[in-house]
Amino acid sequence: MNVSAAFDIVLCLLVLAVAGGAVLARDLFAGVALYIVFGLLLTVGWVRLEAVDVALVEAAIGAGLTSVILLGALPHSPAQSSFPLKIRPLALVSCLAVGAGLCWIVIGLAEPTSGLRPAVEAQLAHSGASNAVTAVLLNFRGYDTLLEVAVLLLALVGVWSSSRDDRWGGRPGPRQHVRPGGVLANFGRLIPPFGIVIGIYLVWVGTTAPGGAFQAATVLAAVWLLAMMAAITDPPRLASGALRWLVAAGPLLFILAGLFGLMEGAFLTYQPGTAKMMIVTVELALTVSIAATLALLVLGPARHGS
Amino acid sequence: MIADVASCLTVSFGLFFFLAGTVGLLRFPDVHSRLHALTKADNLGLGFIVIAAAFQAADVWTVFKLLAVWLFTVAAAATAAQLVARAALSACQTEEPNR
């Protein structure tokens, strides 16, 4: 057995163990901590599968952003999870049946196929993006991405709706107490320039190499959150019209681009000549909107009156 | 060949410091000692692993990128350590359990 196979087996076992630990942990905080480790191990797994795009998203959104949201939700949850679990025979049997069925299907797959890869690569030249993942996400399967963005927007509307009536439209997030000239204030000044450059680089490089709107948006969201934590800028008022346009601009432009395609054929189709311009425009708008949405999801509902 | 040997050596150094940091995290009595073990030892360990990766790098730009990764991590870890330490300190002083 060679070294990389041994590494992969150890990685798989670790992922399974940490996943089990996260589900079974008595203490919710321990569960969240194990979930963060799970996300990082999964990222390594995606890198091993040479799916660097997915690895980037898993690290940024799965391990990073989701964990922050879960940690923020902890104080509002009961300290103990419902452990020891009550075994429900019917649920157990149906879970095992579904799991066995899935195993049977996966093992029974005829032979390792290359999936849709040849079809994607055949059309890649016309797609406007030389990174196959970006071509699939924004051209061939634009619907998926559009719906993902719509889900994010709906989630944000849901979070905002849980504001108390007298705080509606006010500023979200906790009040920050930062020592002027202290460590956090300096860190908050040092990092954003680098973060903004890295974010713009990620979205630009997304058309030709691993990267793209979601990865870049997470970096930019983190930069904005850091600037707010360091009290360099205040959280925005949620009633602000500019903020709402910022959040909606990406999905709106995506739909507009889709309608533009409708004039020349079908919804969300691009002509080969203009495809690159359309994809880059939509990616840029999506990046800004997703970045704002992710940061606002972390900040939560309005807490201070407007 | 020489580069591989150098990589192996520096990775081993790095792993030693990670191990030491982890043992410290598990064994030291209070927040500040644990924080000290974790951030100091891990930063050094990551530095050695970055050096090991630099021996395998294809060109000089990759070395610069690795160095940038290390510098950002050190800056973030140092800041986080300061903040956690201060939060723990004020929690001790006010005798309130710090969540």
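These figures come from a predicted structure and were not determined experimentally. Chains are numbered independently. Their residues run from 1 in the order of the written sequence. For this description, chains carry letters from A and ligands carry numbers from 1, given in the order in which they are written. Given that this is a predicted model, residues contribute local features only at a pLDDT of at least 70 and side-chain atom pairs are listed and counted only at 80 or more, while totals for whole chains, interfaces and linings are drawn from all residues. Side-chain figures throughout are based on the complete set of non-hydrogen atoms in the structure, without hydrogens or water.

## Things to note about the packing of helix H10 (residues 241-264) of chain A against helix H11 (residues 275-299) of chain A
Residue and element names in this part refer to chain A.
- A fitted line through C-alpha atoms serves as each axis, taken over the contacting stretch for helices, and the angle formed by two N-to-C directions is quoted from 0 to 180°. Secondary structure follows DSSP: runs of H or I at least 4 residues long count as helices, runs of E at least 2 residues long count as strands, and numbering of each begins at the N terminus. Put simply, H10 and H11 touch, their axes get as near as 8 Å, and they point 150 degrees apart. Taken as axis vectors, H10 and H11 run roughly antiparallel relative to one another. H11 is crossed by H10, and the crossing has left-handed handedness. Touching Leu-243, Leu-246, Val-247, Ala-248, Ala-249, Gly-250, Pro-251, Leu-253, Phe-254, Ala-257 and Phe-260 of H10 are Met-278, Thr-281, Val-282, Ala-285, Leu-286, Val-288, Ser-289, Ala-292, Thr-293 and Leu-296, all from H11.
- Three categories are distinguished: nonpolar for Ala, Val, Leu, Ile, Met, Phe, Trp, Tyr, Cys and Pro, charged for Asp, Glu, Lys and Arg, and polar for the others, with Gly belonging to the last. Partitioning the contact of H10 with H11 into residue classes produces 17 nonpolar, four polar and no charged. Reported orientations rely on four angle classes, namely roughly parallel under 35 degrees, roughly antiparallel over 145, roughly perpendicular from 65 to 115, and oblique for the rest. Crossing handedness follows the turn of the near helix against the far one: under a right angle anticlockwise gives a left-handed crossing, and clockwise gives a right-handed one. Pairs of residues are marked as contacts when any of their non-hydrogen atoms sit within 4.5 Å.

## As for the UniProt feature "transmembrane region" (unreviewed entry) in chain B
Residues and elements named next belong to chain B.
- UniProt positions are given in the numbering used here, feature names are shortened, and annotations may be inferred rather than shown by experiment. The positions that UniProt labels "transmembrane region" (unreviewed entry) are, in the present scheme, residues 6-26, 46-64 and 70-89.
- In residues 6-26, helix accounts for 100% and strand for 0%; the two terminal C-alpha atoms are 30 Å from one another.
- End C-alpha atoms of residues 70-89 are separated by 28 Å, and the span's content is 100% helix alongside 0% strand.

## Considerations on unusual backbone geometry
Residue and element names in this part refer to chain A.
- Even without glycine at this site, Glu-50 takes up a positive phi of about 60 degrees.
- Residue position: Glu-50 is located in the loop between helix H2 (28-48) and helix H3 (52-73).
- Residue class for Glu-50 comes out exposed when judged on its relative accessible area of 69%.
- If you check the backbone angles, Ala-231 has positive phi at about 60 degrees while not being a glycine.
- With respect to the element layout, Ala-231 can be found in the loop between helix H9 (213-229) and H10.
- In this structure Ala-231 comes out as partly exposed when scored by relative accessible area, which is 42%. Burial classification: accessible surface area is computed with a 1.4 Å probe over protein chains only, and a residue below 20% of its type maximum counts as buried, one above 50% as exposed, and the rest as partly exposed.

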